[in-house]
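What follows is the residue order along each chain.
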Amino acid sequence: MKRLLLLVITFHISLFSFAQETVNLAGSWQLAIGDTAKYTDDVVLPGSMLTNGKGNPVTVNTPWTGSLYDSSYYYNPFMEQYRRQENIKFPFFLTPEKHYVGKAWYRKSVYVPDSWKKKHVTLYLERPHIETTVYVNSQKVGSNNSLSAPHQFDVTPYIKIGERNTIEICVYNGIDGVGVGQDSHSVTDQTQGNWNGIVGKMELRAQPARLHIDHVTIRPKPYARNVQLDVKLSGQSPNLQFYQMEVLIQQENKDSANVYVSNYDVYSNVMQVTVPIPEKVDLWDEFHPNLYRMAISVGDDYYETTFGMREVSVEGRQIILNRRPIFLRGTVENCCFPETGYPPTDEESWLRIFRKCKEYGLNHMRFHSYCPPEAAFVAADKLGYYLQPEGPSWPNHGVKLLSGQIIDQYLLLESKRMIDAYGHHPSFIMMAAGNEPAGNWVEYCNNWVKEMKRYDPTRIYCGASVGGGWAWDDGSEYHVKGGARGLDWVNHAPSSDDDYYSQILRPRNYKDTADNNSPIIAHEQGQWCAFPDFKEIPQYTGAYKAKNFEIFRDLLAENGMELQAEKFLMASGKLQTLCYKYEIERNLRTSDYAGFQLLALNDYSGQGTALEGVLGVHWNEKGYTNAKEWHQFCSPIVPLARFPKFVYTTADSLVVPVEVYNAMYGDIRGVRVNYYINSDSGKVYHGGLLYSGEIPLAKHTPVGLVRFPLDSVRTPQKLTLTVTVGGNLYKNSWKFWVYP
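What you see is a predicted model; the values in this text were computed from it and never measured. (Residues numbered from 1 in each chain as written. Predicted model: local features only at pLDDT ≥ 70, side-chain atom pairs only at ≥ 80, totals over all residues. Heavy atoms only, no water.)

(A) Broad picture of the pairing of strand β11 (residues 131-136). Sheet topology places β11 next to strand β14 (residues 164-172); six bridges connect them, and they run antiparallel. Bridging from a neighbouring strand, Val-136 pairs with Ile-167 of β14. Hairpin remark: β11 followed by strand β12 (residues 139-144), antiparallel, with two residues in the connecting loop; positive phi at Asn-137, about 55 degrees. (Pairing = 2+ DSSP bridges. Helix = DSSP H or I, 4+ residues; strand = E, 2+ residues; numbered from the N terminus.)

Encoded structure:
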C-alpha cells in the first residue's frame, strides 16, 4: 500500500543521490575471425570490423546482404573497368573497403573491484550486430539476437571479484538466425550495411544483490494526473515486506522544481503503483516538449529516466494527441550513415538530424524497417518530434509472414523488446511491424496490432507500412499506405485545385461497403529524383565511399558532358523542388488526410542510388533549395491556392480560391491574410487584405477568393501570387503565365 505522499517545492534540487557503479569496456579488444577463436589482431570498440579496417576485400563476388535490382553491372561492357579488383566500384549503392559476414570474436581482460562483492553484475551491450554469445572466464553465459534493443547478460555467477576477468563475445552477423529479410534496413548492404561489431555503451553494471530493479514500465495518464508504474524487482531477499519503494517525479528544465515523493510497501516482485501528480500537468507535444524526471529507489538500488505526459489515440480519420488532432509532415529515415555504416548512438548526431527536419517544416520521422538507438528517442523527446520506429523487418523477397518461417516469432518478440527498451519516451507515439510484407501478412499484422495494443496501450499501431498495391489491413489503428500520392499532371495540364479525398474514402484494395474511417498517412511520398551532386564526393571520409557517383561522373565524361554536371544538378533540383511543393500542397489540401512521409528529405543511397532528397545523405543542402524556401509549403501554417491552371491569356480573369492549412497547437485568432501579384521586375499588379479573423486547427480553411482581370497585362509575363498569414511570418507563392 501507499504509505506517504510529500510535496517538496521551490528550490533547485537533484533527485539522484546515487552514482551508478560501472566498468567501461570501451577501448582495445583482441579480434579473431572465423568459427573458432584464434586471436591474431586488435580492434577498437565501440565500432565495427569495417570502421577498424577489418574483413575481406570487396570484389565482384562479395556476398552482399540484399537484392541487387540491376544486374547489368556484371555484364555491361562499360562497367568492366569497375569490375577490376584494383578499381572496384558499384553503381547501385555505396562501396565499402571491406566486407564480412560470419563470426567474429572479441576478447578483453578487465578488473572488477573489491567493492562489487555481493553485487548483481550485468554486462550491457547497447547495440551489437547481430547475434552475441558471451563467455566470462571461459564459461558460457548466454546468447541474444536483438537487432533493436540492448543485449544484457547476468554475469554475476561468472565474475571474480577483486581480480581480472576475461570477457569474450562472439558476434555473428548472418541473418539466418533472425530471418528478417535481406532488404530490411536493419541488416541490408543497401543502407547501413551488414556490419559486425558492437556500438554504443559497453559496460559492466553493478546493483545490490539482495534487491534490485529489473525493469520499469511507465504509463502516463495526463488527464487523470497520474503515472502508472510496473516495477519488476529481483534479488536474494526473502522478505519483500521489509522494504519500501520511493518514487520521485520532478519537472525538468525549470529553475524551481516541484518534486513529488511517494512511498510504497514492497510486497511483490512486480509492484504496480499509481503515482499522483497533484500540480498542473505540463503536456508533451511538438510545440511543448515538456519532460519530467523520475527516480525510483528500493533498498540500495535506484532507477532514473525521463518521460512525458501525453496521450495518443485515433478518432475517425484523425490522429489525436492530447485530445486535439495532429497532422504529420514526415520523412523516412532509411538508416543511411556512410561514415560508420551504422546509426549513431550519441544524442548530438540525432539532435542535428531532427533540427534539420524541423527547419524544413517536418514534425515526424518513420524508421524504415529498423529501430534507432536510445539517443534518437532522447533527442526527439527534447525537441518535440514524433517517431514511428518499426520492427526490423522487410519480410519480402524470400521471407513471408505466416509461412512457417522464424520471422513470425522473432518479429513479435523483437517488437516487445522495443517497447521494453524505449516505451517510456513520449516521442515514440506510433509503431509498425515492418515494411511491405509478403505472405499471409494481413492476418499476421492484424493479430500483431491486437497483441501490441494489449502489451502497451500508450501508443497507436499500424500493421505495416505498405505501397498502394498491398491489401487493406483492417486491423490497423492507422495506415501508412501508398496510392493517394503523386501528381496527376500526365493526364491533364498542371493545376493546384485537386486533392486525394476520394482515395482517402476508398483506398486502393479497400473492400468494405462503407467509406474508410481510419487515419491514412501517405507512404513514401515524393520520390522525385535529382541529378547527382558530384561536389558531395569529398564528404565521404569514413567507412563507405561514393564510388557510384564516380561512375556517374565518368559516364558524363564518356559522353562529353562533364562540364554540364552542375547545370544538370540545378535544373533537375529545381524541378524536383517544384514537384515536391505541389505534391505536398495536394496532401495538405486533402480533408482528413492524416499526413505524409517523404522518401525522403535526404538521399537514400541504396536500391540503385535513389537521389530523391533535396538534402544529401549527410543532411547537407545541395544548393538549389533551402529551408526558408521549403518552409513556405511545408510548415505548421501554409497558405494554399487552388489554381485551375497556370497559363492564361489577357482575355481571362484570374480566379483563385485561397485556403490556410493550420497544424499549430490550436485555433489562430486575430490573424490577417494578405496577397499580392507581382512581376519578376517587381511591379505589383494587384493585392490587398483577403481575410481577417480566426483560422481553426484544420487541414484547409477557406479564407477568400483572389480575383484579378488580366487585361491590364500588356506583354507576355510570368507573374507570382504571394499569400501571407500574420505578416510575413508564413507565406507561400505560385508562379503563373499570362499571354496576350
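(B) Molecular detail of the layout of surface pockets. As a volume, the second largest pocket reaches approximately 530 Å³. What lines the second largest pocket is a set of 24 residues, and nearest its centre among them are Leu-578, Lys-581, Glu-629, Ser-733 and Lys-735. Contributing elements (two or more residues each) for the lining of the second largest pocket: α8 (565-588), β39 (668-679), β42 (717-725) and β43 (730-739). Tallied by class, the residues present in the lining of the second largest pocket amount to 11 nonpolar, eight polar and five charged. (1 Å grid on protein atoms, 1.4 Å probe; cavity = no way out; pocket = protein on both sides within 12 Å on 5 of 7 lines; lining within 4 Å. Points joined across faces, edges and corners; volume = space filled by probe spheres on them. Nonpolar A, V, L, I, M, F, W, Y, C, P; charged D, E, K, R; others polar.)

(C) Geometry of the packing of aromatic side chains. A complete count under the given rule lists 37 aromatic pairs for this structure. The interplanar angle of 40 degrees and the centroid separation of 5.7 Å between the aromatic rings of Phe-643 and Phe-736 together place this pair among those described as tilted. Of the two residues, Phe-643 is situated in the loop between β36 (637-641) and β37 (647-649) and Phe-736 in strand β43; the sequence distance between them amounts to 93 residues. The residue whose ring lies beneath Arg-459 is Phe-428, and the NZ or CZ to ring-centre distance is 4.3 Å. Taking the ring centre of Phe-327 as reference, the NZ or CZ of Lys-699 above it sits at 5.9 Å. (Phe/Tyr/Trp six-rings, centres within 6.5 Å; stacked < 30°, edge-to-face > 60°. Lys NZ or Arg CZ within 6 Å of the ring centre and 35° of its normal.)

(D) Spatial organisation of the pattern of salt bridges. A full pass over the atoms with the stated rule returns 37 salt bridges. A salt bridge links Arg-589 to Asp-498, with the shortest nitrogen-to-oxygen separation between them at 3.1 Å. One end of the pair, Arg-589, is in the loop between α8 and β35 (595-598); the other, Asp-498, is in the loop between β32 (479-481) and α6 (501-505), with 91 residues separating them in the sequence. Note on accessibility: Arg-589 and Asp-498 belong to one class, buried. With a closest N to O distance of 3.0 Å, Glu-566 and Lys-535 form a salt bridge. In this pair, Glu-566 is assigned in helix α8 and Lys-535 in the loop between β33 (520-525) and β34 (544-545), connecting sequence segments 31 residues apart. On the basis of relative accessible area, Glu-566 is assigned to the partly exposed category, the value being 36%. Residue classification places Lys-535 among the partly exposed positions, given a relative accessible area of 48%. What you see here is one network of salt bridges that share partners, running through Arg-219, Asp-230, Asp-456 and Arg-459. (Salt bridge = Lys/Arg side-chain N within 4 Å of Asp/Glu carboxyl O. Buried < 20%, exposed > 50% of the residue type's maximum accessible area, 1.4 Å probe, protein only.)

(E) Quick peek at empty space enclosed by the protein. If you walk through the whole model with that rule in mind, you get three cavities of 30 Å³ or more. Approximately 110 Å³ is the volume attributed to the largest cavity. Along the walls of the largest cavity sit 14 residues, with Leu-50, His-99, Tyr-100, Asn-194 and Trp-195 positioned nearest its centre. Classifying every residue of the lining of the largest cavity by side-chain character gives five nonpolar, six polar and three charged. What the second largest cavity holds in volume is close to 60 Å³. Along its surface, the second largest cavity is lined by Ile-218, Pro-220, Phe-307, Gly-308, Arg-310, Gly-423, His-424, His-425, Pro-426, Thr-458 and Arg-459.

(F) Summary view of the nonpolar core. Counting 78 residues, the largest nonpolar core has Trp-350, Phe-354, Met-365, Leu-601 and Trp-630 as its most contacted members. Top element by residues in this core is helix α4 (residues 407-422). It accounts for seven residues. If near-sequence neighbours (up to four positions away) are discounted, Trp-630 is found in contact with Tyr-360, Thr-577, Tyr-580, Ile-584, Leu-598, Leu-601, Val-614 and Thr-625. By size, the runner-up hydrophobic cluster in this structure holds 33 residues, among which are Leu-719, Leu-721, Val-725 and Val-738. (Core = buried A, V, L, I, M, F, W, Y, C linked by side-chain atoms within 4.5 Å. Contact = heavy atoms within 4.5 Å.)

(G) Structural context of the sheet that holds β43. Taken in spatial order, the five strands line up as β37-β43-β42-β39-β40 in an open sheet, and their pairing is mixed. This sheet does not close on itself; its edge strands, each paired only once, are β37 and β40 (684-695). Averaged over all pairs of adjacent strands, the angle between their axes in this sheet comes to 25 degrees, without regard to strand direction. Relative to β43, β42 is paired through nine bridges, and the arrangement is antiparallel. (Axes fitted to C-alpha atoms, helices over the stretch in contact; angles between N-to-C directions.)

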